[in-house]
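Observations on the model geometry
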Amino acid sequence: MPGGVARKVEDLRLVNLTKQFGGTKAVDDLSITSPAGSFFALLGASGCGKTTTLRMVAGLEDPTHGQIFIGDQDVTELRAFQRPVNTVFQSYALFPHLDIFENVAFGLRRRGVKDVDDQVIAILELVELSALARRKPSQLSGGQQQRVAVARALINQPDVLLLDEPLGALDLKLRRQMQIELKRIQSEVGTTFVHVTHDQEEAMTMADTVAVMNAGRIEQMGHPAEVYELPRTIFVANFLGQSNLIQGMKVSTGDVVEVSANGLGFRIPSKRNVAPGQSIVIGVRPEKIMVLDAHDESKLPAGHNRIYGTVTDVSYTGVSTQYLVETPWGQSIIAFEQNSIVGDRCELGDPVVLGWAPEHTFGLDPAEGLNAGLDHAVLELESDTEA
Amino acid sequence: MRWIRQHLIGAIAIVVLLYLFLPIAVVIAFSFNNPESKFNLSWNEFSLDAWTQICGVPGVCSAFVTSVEIGLISTLFATILGTMIAFALVRYRFKGRSSTNLLIFMPMATPEIVMGSSLLALFLNLSFPLGPVTVMIAHIMFIISFVVVAVKARLQGMDPRLEEAARDLYASPSATFRYVTFPLVLPGILGAALLGFSLSFDDFIISFFNAGTLVTFPIYIWGAAQRGIPPQVNALASLVFIAALVIVLSAQFVAWRKRKSLSVR
Amino acid sequence: MAPVVPVASVTTKVAQASKQRSRIAYLLLIPGLGWLAIFFVIPLVTLFMTSLQAESASKPGTYVPGIQFSNYTDALAEYWPQFVRSFVYAGLATAFALVIAYPLAYFIAFKAGNWRSLMLVLVVAPAFASFLLRTYAWKTILADDGPVTSGLNALHLLPDGRILNTGIAVVAGLTYNFLPFMVLPLYASLDKIDYRLIEAGNDLYGSPQQVFRKVTWPLSMPGVVAGTLLTFIPAAGDFINAELLGSTKDKMIGNVIQTNFIEFRDYPTASALSFALMAVILVMVLSYIRRSGTEDLV
């Protein structure tokens, strides 16, 4: 970092962390480790407990049970102003009565640092705001305020930097820009970043590790690609991107699990299956599916899983074409086709065959129900159109 | 027709404002009158006597000074007590919140004459001597509620994340209060104090019941109304009015300048 | 790796902390609430006790503790006209103030633009000039030979041929004096209305009258309730306007309480009237608030 202080980088560990508000558990027995120097994203819908978790780490909320470690230090009992943790707040919480310089210097001054000028100027250079040091926060644009909030936290060289929906207030274009900017700053300073967001795309583009949270618990945690390619619960399959889910029964097990569903047979490598019993939900991501005219079924590689149906909707989105295909048993399957194919696209009403490799299939436990992780608003809309 | 419809409400608004200021114009104008009789009710001739000899009538200036003193002391105490209550209401959870709210609301929903007479009943029963102390006790009592309401509004309008941000940035609870909370609430407290002072300075009914022989500025005017109000009283009241207006308008002007400098960033 | 220890102690620590926090709350509350209890609540109790006192048999003109409820019936029997008049005058003044204040508050909230804060200052500003002097100034404005009275007389609009020393002057004075208390709450609640709702109303209903009746007025109800209370209550207890602008036939209950307390020193009668005024206003206010469904006025 400019200013040139070698910092120690610490990991963050939450052990059996629980927070109860009245009768409801906002955070339920959470144990996670965010490795030193990683960019860790807590992803979930609003009310899933991600912000409460972050506030407990910051010391703004006391846990009901459990412990928080930064490196080897147990900080559970420390109060917010005693913890080596700083936060970039949702909507920034910049002090309106102080200018940018004083906002950034706030933490240093409270710790009794005498000469703050060099450090403040250096950090403002890092976020490219040196020219605006004497402005008041209200005179800055949203993106600038966001960078001040990051600088104000980072200047204290925290062991862990917490970001609470830091880009939520920005418009889409600026958000993309700031994602790259934050990533750059993180790799420059090397601090452990813990980032809370409801935006799955943001989590996937920025983080090294994504933890998908639901109802106070972690559903699945791992590298973004790994979580996306191989979701382990229906919630994750639906919440992170889109999935087609089909209910079926196992026919045989072995290296490959064979499944019968709606009179069709499907194959899943058994290491991609987590359903413990006979009944199973098989899933596939829309972009893994090939859409072929029914006459061209022979072009599908042998061994591919396949479904027959009729095209009920085609929408051209530029990079891809999205198909809705209705199966004989009345389910709608969604498929994305890249627009790199030369020749005709399938059209409305065409009989088609959908095919995908068994290695792109995943098997899930049906216990939580097929709608877990879907947006409630979307569900209502769907039931309206059905009725 | 359309033009009239669009500007009708604006025209009414301006007429209402003029109506509000009509008596004040009379008060100021009659400070320059040289009344024929004792009663300064009809215009005679222009004179600067009331302004050049503003204390020229016995008792006017001492009543004025008494009111300023009582106003300052009452405001100071009421602002401190009211601000403390406002902080407790906004920042803490405690049992008895609704009875606290009721106790603060009641003085505002009680006619002044009831408050004034009931306090007098208390002081009479205790044989407590009436004077500046009883007047200040009364003023502090009825100002507190207004301070609570004003400061509470300011506190509630403050983003709680600002204080959390301070705690997150190594500010102890006392440093958070000193560097973040207090500076942000201060305009609200100052506004409440200005309101409190103007309520105290102008209070007649409650003071009248509890003043005994003490003469505040409004009590002086009340007494003078029976035998004729000297133009010096008008001059002093005009002075107060103009001073208060200048204070408030310059505060407004500063805020306006600030806003303007924001919009041309 | 540090060992994982059970942390039941955290729970008790939190409970202690919140207990400590509520102790701070009481420390902050006690001085101010104590002041209100001693100098607002206890005086009301004293007032009630005084209202029941009986005249001393041995020393006429002094009063001894008693339970003489006839003080109330006697006082009301004698002064019911002033009592009723107070509520009529206050009611009229409140109604006029509402009609006058609404357009001004509406203009400030929706049309004033950059002038908004200046106009708010102008609404409050009259309070900086002495209440008594402003009321006294109406004596000049409404004088029998003044332009207002002559103008209205020329149109034969005045039953007595004059304004000063009539009930009209008293109601006019009350309306004027408490007008800012009507404007400010009205403004506050109009300001909270999203102007797009009114525009949507214009879009859907068409007629401005209907939009006002169905959209603006219902949404401004909290302000109407607060404003009418803040105008009615002080007006009902006022005696300055009746004293300065009215004749002896226009006296209100405030005048009666004032003279009985301070000039006649008939403390039980004055206290009974004062307490009765308080009780009637309280009952009216509570039923009014309940009916209009606006319970959070503080």
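Residues numbered from 1 in each chain as written. Chains lettered and ligands numbered in written order. Predicted model: local features only at pLDDT ≥ 70, side-chain atom pairs only at ≥ 80, totals over all residues. Heavy atoms only, no water.

Counting residues at the interface gives 20 residues for chain B and 30 residues for chain A. Overall, the association of chain B and chain A removes approximately 2,300 Å² of surface from exposure, summing both partners, and the carbon and sulfur fraction of that is 61%. When the buried area of chain B at its contact with chain A is split by residue, B:Asp168, B:Leu169 and B:Tyr170 rank highest and sum to 34% of it. Where chain B packs against chain A, one counts one salt bridge. Between B:Glu164 and A:Arg55 there is a salt bridge; the shortest N-O distance is 2.6 Å. Across the contact surface, chain B and chain A share seven residue pairs in polar contact (both at pLDDT 80 or more). For the side of chain B that touches chain A, the secondary-structure elements that each account for two or more residues are helix H7 (160-168), helix H8 (173-202) and helix H11 (231-263) of chain B. At seven residues, H7(B) tops the list of elements feeding residues into the side of chain B that touches chain A. In terms of residue class, the side of chain B that touches chain A is made up of 13 nonpolar, two polar and five charged. (Contact = heavy atoms within 4.5 Å. Buried area = accessible area lost by both parts, 1.4 Å probe. Salt bridge = Lys/Arg side-chain N within 4 Å of Asp/Glu carboxyl O. Polar contact = N/O pair within 3.5 Å; in protein donor to acceptor, adjacent residues only side chain to side chain. Helix = DSSP H or I, 4+ residues; strand = E, 2+ residues; numbered from the N terminus. Nonpolar A, V, L, I, M, F, W, Y, C, P; charged D, E, K, R; others polar.)

A complete count under the given rule lists three cavities of 30 Å³ or more for this structure. Contributing to the lining of the largest cavity are B:Val26, B:Val27, B:Phe30, B:Asn40, B:Ile229, B:Asn234, C:Leu133, C:Tyr136, C:Ala137 and C:Thr140. Secondary-structure elements contributing two or more residues to the lining of the largest cavity are helix H1 (2-29) of chain B together with helix H4 (131-141) of chain C. When the residues that make up the lining of the largest cavity are grouped by side-chain class, the tally is seven nonpolar, three polar and no charged. The space that makes up the second largest cavity amounts to roughly 50 Å³. A:Leu12, A:Leu14, A:Ile32, A:Thr33, A:Ser34, A:Phe40, A:Leu42, A:Thr53, A:Leu54, A:Val57 and A:Val194 are the residues that line the second largest cavity. When residues of the lining of the second largest cavity are traced back to their parent elements, those giving at least two are strand S1 (12-21), strand S2 (24-34), strand S3 (39-43) and helix H1 (50-58) of chain A. A per-class count over the lining of the second largest cavity returns eight nonpolar, three polar and no charged. (1 Å grid on protein atoms, 1.4 Å probe; cavity = no way out; pocket = protein on both sides within 12 Å on 5 of 7 lines; lining within 4 Å. Points joined across faces, edges and corners; volume = space filled by probe spheres on them.)

Next up on the list: the interface of chain B and chain C. Interface size, as often reported, equals the accessible area lost upon joining of the parts. Contacts between chain B and chain C engage 76 residues on the former and 76 residues on the latter. Carbon and sulfur atoms supply 83% of the area that chain B and chain C bury against each other, a total of about 7,300 Å² over both sides. If you look at where chain B meets chain C, you find zero salt bridges. In terms of residue count, H1(B) provides more of the side of chain B that touches chain C than any other element does, 14 residues in total. Taken together, the residues that form the side of chain B that touches chain C break down as 59 nonpolar, eleven polar and six charged.

Here the focus is the UniProt feature "transmembrane region" (unreviewed entry) in chain B. Within this structure's numbering, the places UniProt gives as "transmembrane region" (unreviewed entry) are residues 7-32, 70-90, 102-124, 136-155, 176-198, 204-223 and 235-256 of chain B. Overall, residues 204-223 of chain B shows 65% helix and 0% strand. The separation of its end C-alpha atoms is 11 Å. (UniProt positions renumbered as here; feature names shortened; annotations may be inferred.)

Its location among the elements puts C:Asn71 in helix H2 (residues 70-111). Not counting residues within four places of it along the chain, the set of residues in contact with C:Asn71 comprises C:Ser51, C:Leu52, C:Gln53, C:Pro268 and C:Ala272.

What follows concerns the state of the cysteines. All names here are of chain B. For the coordinates displayed, the defined rule picks out one disulfide over all chains. Residue pairing for Cys55: its cysteine sulfur links by disulfide to Cys61, the two sulfurs lying 1.9 Å apart. Here the disulfide of Cys55 and Cys61 is left-handed, its torsion about the S-S bond being about -90 degrees. (Disulfide = S-S within 2.5 Å.)

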